[in-house]
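A closer look at the structure
Each chain, written out:
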Amino acid sequence: MKRGPRSGRLLRYYFFRTRRLTRRQLGTIQDWKLRAVFWIGALLVGLLVVGFAWAVELASETFNRIHAYSPYIPVAMTPLGMMVIIWLMRRMGPEAQGSGIPQVLVVLKQRYHWLRPTFLSLRVIALKFVLTVLGVLCGASIGREGPSVQIGAAMMYSVGQVGRLQQKYVDNALIVAGGAAGVSAAFNAPLAGIVFAIEELSGSFEQRTSGTLILAIILSGVVVLMINGHYSYFGHPQGDLELTANWLAIGVVALICGLLGGLFSRLLISGSRWLTPHAVRHPYRVVFLCGVVLVALGLLTGGATYGSGYEEARSLLDGEHVGDWSFPLAKMGATLVSYFTGLPGGLFSPSLAAGAGIGSAMSGWFPETSVVGITVVAMAAFLAGVIQRPITSFVIVMELTGNRHDLLLSLMVGAFLSAAVSKLVWSRPLYDSLAERMASGAGMAAEGRRLAGEDKTA
């Protein structure tokens, strides 16, 4: 029996309609290629950050053993080691300096896309990894979370380049996902990674890839969970701080942390500006002097200001003793001079440690309140005062202390109040300010290289 022309048209119509529905439901090959790039990149970021964390912890333990053997060995080891690191960085890749978050913010800006191969290369991953580990080995007051952001963003961007995705908007989403996955894997805190992507990198958050991006962040956290098991960065400190009963204590803690956090940001930016011309002329002299100051602070505090501050913060969160003001103020100073050297290293962990010290010292002002509760709130408040990202700050602290949902309202109020007070001292978020300085410096350097090339050609 022959089919007429009408039957043929109906068959073709149903065939193409079914094909369109299938493509809409399952996605195109390009859609699956996009997902594969995100997922493979997230897995690689998780593995890389786990290895990075292990190497940093090993370096920290090695330095602590050296310091325990003799507290005077770092007198020579720390300044000289920092000078060697800066020498290596200047020869092999100056783009690896500092936290890593400003570099990611710079390349997300439309007019600085051309810097992506510089700031997000495989070479930068290797340099950031090795030099940060060496910095911790020398006792510098730095953390690994900021470098994890740049390492994660660089890895995702590199995977995207290999995948050769065609969508123009994908590169931004890959960089955001990689940076956030770095936070998620570094802290074993997927929610913190998602919030960081939205709050800190929101200017480039693409709605079209948001679901895939969030899944990539979660995948990197799953990798860490599979390797290290379920753990909280600072354990599960016990101590309540109900908002209605302790509103005065929370308000005072937020006020002090906001003022100190804003002052810290102001000193970091202003000090960097003031030191820049001296560092250009005499880079190793500046590094050596900063190393001497770092050693002096270490000697005055019995070594408490060396390293990320993780052990000191965890000890304060035990609530067994009330701290004094010497540790948080010295820790802030040690972190400033470490940053002034230009060493690769982050600010998250040192800021959390300084915040714990502030909270523990202030707990004596409120004898009826929980020492641990005030300490936890102060950690979130000081971090919010430094980076002026309150949601990221309280979510990070909540996840790092075992998801203390009973402290959620207190953490929120402390972080938001502190960020507001911090703006009175320094109006711009810290990483935005650092990114602006880095962008202008990178632009000037590139223009200088361009002009130098034109002169040679002429």
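Because the structure is a prediction, the values reported are computed rather than measured.

Broken down by element type, the protein carries 19 helices and 0 strands. The buried share of the protein, reckoned over its 458 residues, is 55%. With an accessible surface of roughly 20,400 Å², the protein has 63% of that area assigned to carbon and sulfur atoms.

Time to look at the packing of helix α9 (residues 190-199) against helix α17 (residues 390-400). The description of two helices packed together rests on the angle between their axes and the distance between the axes. Their axes nearest at 9 Å, the elements α9 and α17 cross at an angle of 175°. Regarding the angle of α9 to α17, the classification is roughly antiparallel. Two secondary-structure elements touch here, α9 through P190, L191, A192, V195, F196 and E199 and α17 through P390, I391, T392, V395, I396, M398 and E399. Taken together, the residues of the contact of α9 with α17 sort by class into 10 nonpolar, 1 polar and 2 charged.

Located in the positive-phi region is Q388, a residue other than glycine, with phi close to 55°. Secondary-structure assignment places Q388 in the loop between α16 (371-387) and α17.

This part covers the pattern of salt bridges. Enumeration according to the criterion identifies 4 salt bridges in this entry. When the shortest N-O distance is used, the salt bridge between E95 and R123 registers 2.8 Å. With E95 in the loop between α3 (73-92) and α4 (101-107) and R123 in helix α6 (residues 122-137), the pair connects residues that are 28 residues apart, well separated along the chain. Of the residues examined, E95 reaches a relative accessible area of 11% and is grouped as buried.

It is worth spelling out the packing of aromatic side chains at this point. Under the criterion given, the structure shown has 6 aromatic pairs. Considering the side-chain rings of W325 and W365, the 6.1 Å spacing of their centres and the 40° angle between planes classify their relative orientation as tilted. Within this pair, whereas W325 is found in the loop between α13 (310-317) and α14 (326-340), its partner W365 is found in the loop between α15 (348-362) and α16, the two being separated by 40 residues in sequence. Ring geometry for F348 and Y431: centres 6.2 Å apart, planes at 15°, overall stacked. Taken as a pair, F348 in helix α15 and Y431 in helix α19 (residues 430-457) lie far apart in primary sequence, 83 residues in all. Note on F348: relative accessible area 2%, which makes it buried.

One recurring pattern in soluble globular proteins is that nonpolar side chains are buried together. Counting 133 residues, the largest nonpolar core has L268, F348, F382 and L411 as the members making the most contacts within it. Here this core gets 13 residues from one element, more than from any other, and that element is α16. Leave out the neighbours within four places in its chain, and L411 touches V376, V377, A380, F394, V397 and M398.

This paragraph deals with the packing of α16 against α17. As a packed pair, α16 and α17 sit with axes 8 Å apart at the nearest point and diverge in direction by 150°. In terms of orientation, α16 lies roughly antiparallel with respect to α17. Here α16 and α17 pass one another in a crossing that is right-handed. Residues V376, M379, A380, L383, A384 and I387 of α16 lie in contact with α17, whose contacting residues are P390, S393, F394 and V397. Counted by class, the contact of α16 with α17 contains 9 nonpolar, 1 polar and no charged residues.

An α-helical turn contains 3.6 residues, so a residue and the one three or four places further along point in the same direction. Helix length check: helix α18 (residues 408-425) (18 residues) gives 26 Å between terminal C-alpha atoms against 26 Å at 1.5 Å per residue, within 8%. Within α18, burial applies to S410, L411, G414, A415, S418, A419, V421 and S422. Residues of α18 that are buried make contact with α11 (247-281), α16 and α17.

Right, let's talk about the environment of I387 for a bit. The topology assignment puts I387 in helix α16. Look at I387 and you get buried, because its relative accessible area is 2%. The spatial distance from the C-alpha of I387 to the C-alpha of S351 is 9.6 Å, given a sequence separation of 36 residues. Among residues more than four places away in sequence, those in contact with I387 are F348, S393, P429, L430 and Y431.

Compared with an ideal rise of 1.5 Å per residue, which puts 19 residues at 27 Å, helix α7 (residues 145-163) spans 27 Å between its outermost C-alpha atoms and is within 8% of the ideal. Of all 19 residues making up α7, 17 are buried, and the element is well covered by its neighbours. Following α7 by one or two positions, R164 has its phi on the positive side, about 50°.

Confidence in the prediction for the protein averages 81 pLDDT; 82% of positions are at 70 or higher. When mean pLDDT is compared element by element in the protein, α14 scores highest at 94, while helix α1 (residues 5-26) scores lowest at 53. Low pLDDT, under 50, characterises residues 446-458; the stretch is placed with 1 contact to residues that sit more than four places away or in other chains.

On the surface, I40, L44, L47, L215, I218, V222, M226 and I227 cluster together into a nonpolar patch covering about 710 Å² of accessible area. Counting only elements with at least two residues in the nonpolar patch, the list comes to α2 (29-69) and α10 (210-228). By residue number, the principal contributor to the nonpolar patch is α10, which donates 5 residues. Topologically, L215 is positioned in helix α10. We classify L215 as partly exposed; its relative accessible area is 36%.

For E312, the position within the fold is in helix α13. Measuring from C-alpha to C-alpha, the distance between E312 and F327 comes to 9.2 Å, with 15 residues separating the pair along the chain. Not counting residues up to four positions away in its chain, the partners in contact with E312 are G303, A304 and F327.

Rules and cut-offs
- Residues numbered from 1 in each chain as written.
- Predicted model: local features only at pLDDT ≥ 70, side-chain atom pairs only at ≥ 80, totals over all residues.
- Heavy atoms only, no water.
- Helix = DSSP H or I, 4+ residues; strand = E, 2+ residues; numbered from the N terminus.
- Buried < 20%, exposed > 50% of the residue type's maximum accessible area, 1.4 Å probe, protein only.
- Areas by Shrake-Rupley, 256 points an atom, 1.4 Å probe, with all protein chains shown as cover.
- Axes fitted to C-alpha atoms, helices over the stretch in contact; angles between N-to-C directions.
- Parallel < 35°, antiparallel > 145°, perpendicular 65-115°, else oblique.
- Contact = heavy atoms within 4.5 Å.
- Nonpolar A, V, L, I, M, F, W, Y, C, P; charged D, E, K, R; others polar.
- Salt bridge = Lys/Arg side-chain N within 4 Å of Asp/Glu carboxyl O.
- Phe/Tyr/Trp six-rings, centres within 6.5 Å; stacked < 30°, edge-to-face > 60°.
- Core = buried A, V, L, I, M, F, W, Y, C linked by side-chain atoms within 4.5 Å.
- Left-handed = near helix turned anticlockwise from the far one by under 90°.
- Expected span 1.5 Å × (residues − 1).
- pLDDT = per-residue confidence, 0-100.
- Patch = residues over 30% accessible without salt bridge, like charges linked within 9 Å, V, L, I, M, F, W, Y side chains within 5 Å.

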